[in-house]
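# Observations on the model geometry
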Amino acid sequence: MAFRRQHLLGLEGLSKEEILFLLDTAASFQEISTRDIKKVPTLRGKTVVGMFFEPSTRTRVSFEIAAKRMSADFVSLSGSVSSTAKGETLLDTARNLAAMRPDVLVIRHPASGAAHFLAERVAGCSVVNAGDGCHEHPTQALLDLLTIRERKQRLEGLVVTIVGDILHSRVARSNLYALRTLGAQVRLCGPPTLLPREFSAWADLTSDLAAAVSGADVVLVLRLQRERQSGNFLPSLDEYARYFCLTEDHLARARADVIVLHPGPLNRGVEIASSVADGPYSVILDQVANGVAVRMAVLYLLASGAREEKSETAAPARPVALSQRRSAG
Ligand code: CP
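Rules of the game
Residues numbered from 1 in each chain as written. Predicted model: local features only at pLDDT ≥ 70, side-chain atom pairs only at ≥ 80, totals over all residues. Heavy atoms only, no water. Pairing = 2+ DSSP bridges. Helix = DSSP H or I, 4+ residues; strand = E, 2+ residues; numbered from the N terminus. Axes fitted to C-alpha atoms, helices over the stretch in contact; angles between N-to-C directions. Expected span 1.5 Å × (residues − 1). Buried < 20%, exposed > 50% of the residue type's maximum accessible area, 1.4 Å probe, protein only. Arc of directions from axis to C-beta. Contact = heavy atoms within 4.5 Å. 1 Å grid on protein atoms, 1.4 Å probe; cavity = no way out; pocket = protein on both sides within 12 Å on 5 of 7 lines; lining within 4 Å. Points joined across faces, edges and corners; volume = space filled by probe spheres on them. Near = heavy atom within 4 Å. Polar contact = N/O pair within 3.5 Å; in protein donor to acceptor, adjacent residues only side chain to side chain. Areas by Shrake-Rupley, 256 points an atom, 1.4 Å probe, with all protein chains shown as cover. Left-handed = near helix turned anticlockwise from the far one by under 90°. Nonpolar A, V, L, I, M, F, W, Y, C, P; charged D, E, K, R; others polar. Phe/Tyr/Trp six-rings, centres within 6.5 Å; stacked < 30°, edge-to-face > 60°.

### Topic: the sheet that holds strand β3 (residues 104-109)
- Reading across from one edge, β2-β1-β3-β4 is the order of the four strands in this open sheet, with parallel pairing throughout. What marks the edges here is a single partner per strand, and that holds for β2 (73-78) and β4 (126-132). Geometrically, the sheet is characterised by an average inter-axis angle of 15° between neighbouring strands, direction not taken into account.
- The pairing of strand β1 (residues 47-52) with β2 spans six bridges and is classified as parallel. Note that in β2 the partner of M51 across the bridge is L77.

### Quick look at the sheet that holds strand β6 (residues 185-189)
- Read from one edge of the open sheet, five strands run β7-β6-β5-β8-β9, paired in parallel fashion. Each edge of the sheet is formed by a strand with only one pairing partner; in this case those strands are β7 (204-206) and β9 (259-261). Across the sheet, the mean angle separating the axes of adjacent strands is 20° when strand polarity is ignored.
- Two strands pair when backbone bridges link them, and strand β8 (residues 218-221) and β9 are joined in this way by three bridges, in the parallel orientation.

### Details of helix α1 (residues 16-29)
- Given a rise of 1.5 Å per residue, 14 residues ought to cover 20 Å, and the 20 Å separating the end C-alpha atoms of α1 matches this to within 8%.
- Taken together, the buried positions of α1 are E18, I19, L22, L23, T25, A26 and F29. What you see down the axis of α1 is that its buried residues fit within an arc of 160°, all on one side.
- Next to the buried residues of α1 lie α5 (138-152), α6 (170-181) and α11 (284-303).

### Remarks on the layout of surface pockets
- Here the largest pocket defines a volume of roughly 280 Å³.
- Taken together, 21 residues line the largest pocket, and the ones lying closest to its centre are R58, H262, I284, L285 and V288.
- Those elements giving two or more residues to the lining of the largest pocket turn out to be α2 (58-69), α5 and α11.
- Considering each element in turn, the lining of the largest pocket owes the most residues, seven residues, to α11.

### Focus on the site of the ligand
- The full set of residues close to the ligand is S56, T57, R58, T59, R108, H137, Q140, P263 and G264.
- Within the side chain of S56, one N or O atom sits 2.6 Å away from an oxygen atom of the ligand.
- Take P263: an N or O atom from its main chain is 2.8 Å from a nitrogen atom of the ligand.
- Contact with the protein chains covers 95% of the free accessible surface of the ligand, which is 260 Å².

### Let's talk about the packing of α5 against α11
- Following both chains from N to C, one finds α5 and α11 inclined at 120°, their axes separated by 8 Å at the closest point. The handedness of the crossing between α5 and α11 is right-handed. Across the interface between the two elements, T139, Q140, L142, L143, D144, L146, T147, E150 and R151 from α5 touch D286, Q287, N290, G291, V294, R295 and V298 from α11.
- Considered class by class, the residues forming the contact of α5 with α11 number five nonpolar, six polar and five charged.

### Some words on helix α8 (residues 237-244)
- If you check which residues of α8 are buried, you get Y240, A241 and F244. Taken down its axis, α8 places every buried residue within 100° of arc, on the same side. Along α8, the residues that are exposed and aim more than 90 degrees away from the buried face are D238 and R242.
- Packed against the buried residues of α8 are β5 (159-163), β6 and α7 (209-213).

### A look at the side chain of S169
- As for its position among the elements, S169 is in the loop between β5 and α6.
- Relative accessible area serves as the criterion here: at 2%, S169 is assigned to the buried category.
- A polar atom in the side chain of S169 sits 2.9 Å from the backbone nitrogen of A172.
- Those residues within four positions of S169 in sequence are excluded, and the remaining contacts are C134, L222 and Q225.

### Some remarks on unusual backbone geometry
- For the peptide bond that leads from G264 to P265, omega is -10°, which places it in the cis range.
- Even without being a glycine, Q153 presents a positive backbone phi close to 65°.
- Along the chain, Q153 turns up in the loop between α5 and β5.

### Looking at the packing of aromatic side chains
- Following the criterion strictly, the structure yields three aromatic pairs and no others.
- Judged by centre distance (5.1 Å) and plane angle (70°), the ring pair of Y177 and W202 falls under edge-to-face. Taken together, the residues span a long stretch of sequence, with Y177 in helix α6 and W202 in the loop between β6 and β7 at a distance of 25 residues.
- Using a relative accessible area of 5% as the deciding quantity, one classes Y177 as buried.
- A relative accessible area of 31% means that W202 is categorised as partly exposed.
- Plain terms: the ring middles of Y240 and F244 are 5.4 Å apart, the flat faces sit at 35° to each other, and that makes the pair tilted. Of this pair, Y240 and F244 both sit in helix α8, four residues apart, roughly one helical turn. Note on accessibility: Y240 and F244 belong to one class, buried.

Read these as layout, nothing more, since geometry by itself doesn't imply function.
Here is the structure:
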């Protein structure tokens, strides 16, 4: 098995074998971060450029650490200090960066479809989607899957409950596509206004958190995207917390060995109680640690020549308009 795609733009459309190959490659890199000298020469001479047009702590830093642990050079550009602030288009910015011959462009952008847009138009390098609007966040879902598989030794047959603002969540979308491809049963739970009915073909939908958590092997709590609540999706944060904040009482209904994930950043007391976030079922910091291994694997597979040919993209069949909803995630 080889990963033959030029880009990693989403998990929708990837095969089970491709996702498992990404996870296996990431698992093989985990050990490097436990060494005293956390560096291998694998990507020496390669260049990774991070283009972050939205705030990010975990994704940006872990891509940088991943690149450096593989001995690649990493250059980071943030929207506020780039020439986009002077009116340069995203495409012109990317083409100018591509002219400097990087091997990989990692992009986070508030517009759904931004990574696909660049992948179709920028030549000579791979593009990795580090979160595009409400669309996908593939490396986040891969690190979630790696964390789940590490704890449960499997993914197939697990009951995974995803709770929160499903509508705006690229984390939910990437996880949903991958979990279904890998044979997990997915439950989506949130207020009716934040629970797109279109997902009923992929998952069980409910607004009853107690029922959603009952018997679950895994609970993935999403960040409530406060910046996206201007559309009267919720009466108030208090009301949201009353019905959808995951507490220890809810977890008592889950399987005894349930694990709780959250992509961060946390809104403590809104979507997750501190006693849960910091409690024995939480694997939130394992997720962060696994993020480095996942990003090492992705950079390795795209930049090292491990691919046998550059012919396909990981784009879903359905293109996503740049004008689609915007969000952070
Ligand atoms: N999970 C995640 O994408 O976090 P950041 O926004 O901090 O990168």
